[in-house]
Amino acid sequence: MDEWNRLADWWLLEADDPAYREEVVPIFLEVLAPVRDQVLLDLGCGDGRLQNLLAARGAVVIGVDLNIDLAGIAARSHPVFLNRLPELACVKDAAVDGTYVVLALEHFENAERFFAETARVTRPEGTLTAVINHPVYTAPHSGPVLDPTDGELFWRFGDYLNTGRTRDPAGDRFVEFIHRPIGTLLTQAAAAGWSLEEVVEQGVGSHAASRDPILAKHRGIPHLMALRWRRE
């Protein structure tokens, strides 16, 4: 069985965390272009909660996900393709007005292919919106360092400038994150024909800070990043 098909329970818990609702969803909506009467692709749609949100705002949203259990939940309300991303052979050229991906891009093996495929299936002047864990956070060996003498918090950037991988706990299993520097992602997107329109960076939110006193000390360090591109 594919490893991602073992992670449905973990993802449902992650998406039900108040931090997802209070931090991830708002930064996504902040950069998202108007969606009314738009046909959108939700890449890595999970159980379809963002599909539900945007459908309520007047969009037609088609999901794509590899996890059969999560896709089955989403398919109760919206059309869903069961498909391994970043491949989108299931979608015709210029078939949608926009695509979006929330907390999934950093799990795709081939980001160049992701940008090329989303450009192929999106009509000219359509959009691509992404929310990612900020690359400052995902670099291997990065993390907070607390000075025990005075309690001052520093940030260790780790191997930020190179592509790398980390494995983080996901319930009783692990999930792999693929780190790419911001410059790498922006260059790959531009090469595929995506023109950057907006970027928003966000520190640790109040929910996470309230649970972790160390996190509370680096509210100014970027934690999430949201980006919107337009198809040339």
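Residues numbered from 1 in each chain as written. Predicted model: local features only at pLDDT ≥ 70, side-chain atom pairs only at ≥ 80, totals over all residues. Heavy atoms only, no water.

## Quick word on the overall build of the chain
The helix and strand tally for the chain stands at nine helices and 11 strands. C-alpha atoms of the chain, sized along the principal axes, occupy 60 × 35 × 35 Å. Within the chain, buried positions represent 51% of all 232 residues. A separation threshold of at least 6 residues defines the contact pool for the chain, and within that pool the share at least 24 residues apart is 66%. Carbon and sulfur atoms make up 53% of the accessible area of the chain, which amounts to about 11200 Å² in all. Placing the 22 positive and 34 negative side-chain charges of the chain at their respective mean positions leaves the two points 4 Å apart. (Helix = DSSP H or I, 4+ residues; strand = E, 2+ residues; numbered from the N terminus. Buried < 20%, exposed > 50% of the residue type's maximum accessible area, 1.4 Å probe, protein only. Contact = heavy atoms within 4.5 Å. Areas by Shrake-Rupley, 256 points an atom, 1.4 Å probe, with all protein chains shown as cover. Lys, Arg positive; Asp, Glu negative; His and termini not counted. Charge placed at Lys NZ, Arg CZ, Asp CG, Glu CD.)

## Re the environment of Leu153
Mapped onto the fold, Leu153 is located in strand S7 (residues 153–156). The buried category is assigned to Leu153, whose relative accessible area is 17%. A sequence separation of 64 residues divides Leu153 from Lys217, and the C-alpha atoms of the two residues are 6.7 Å apart.

## Let's talk about the sheet that holds strand S2 (residues 60–65)
Taken in spatial order, the seven strands make up an open sheet running S3-S2-S1-S4-S5-S11-S10, and their pairing is mixed. Edge positions in the open sheet fall to strand S3 (80–82) and strand S10 (194–203), since each of these has one partner strand only. Between one strand axis and the next, the sheet turns through 15° on average, direction left out of account. Bridge count for strand S4 (residues 96–102) against strand S5 (residues 122–133) is six bridges, and the pairing is parallel. (Pairing = 2+ DSSP bridges. Axes fitted to C-alpha atoms, helices over the stretch in contact; angles between N-to-C directions.)

## Points about helix H1 (residues 8–16)
Within the span of H1, buried status applies to Ala8, Trp10, Trp11 and Ala15. For H1, the angular spread of the buried residues around the axis is 155°, confining them to a single face. Along H1, the residues that are exposed and aim more than 90 degrees away from the buried face are Asp9 and Leu13. Where H1 is buried, its residues touch helix H2 (18–31), helix H3 (49–55), helix H4 (68–74), strand S8 (164–170) and strand S9 (173–179). (Arc of directions from axis to C-beta.)

The values reported here are purely geometric and, on their own, carry no functional implication.
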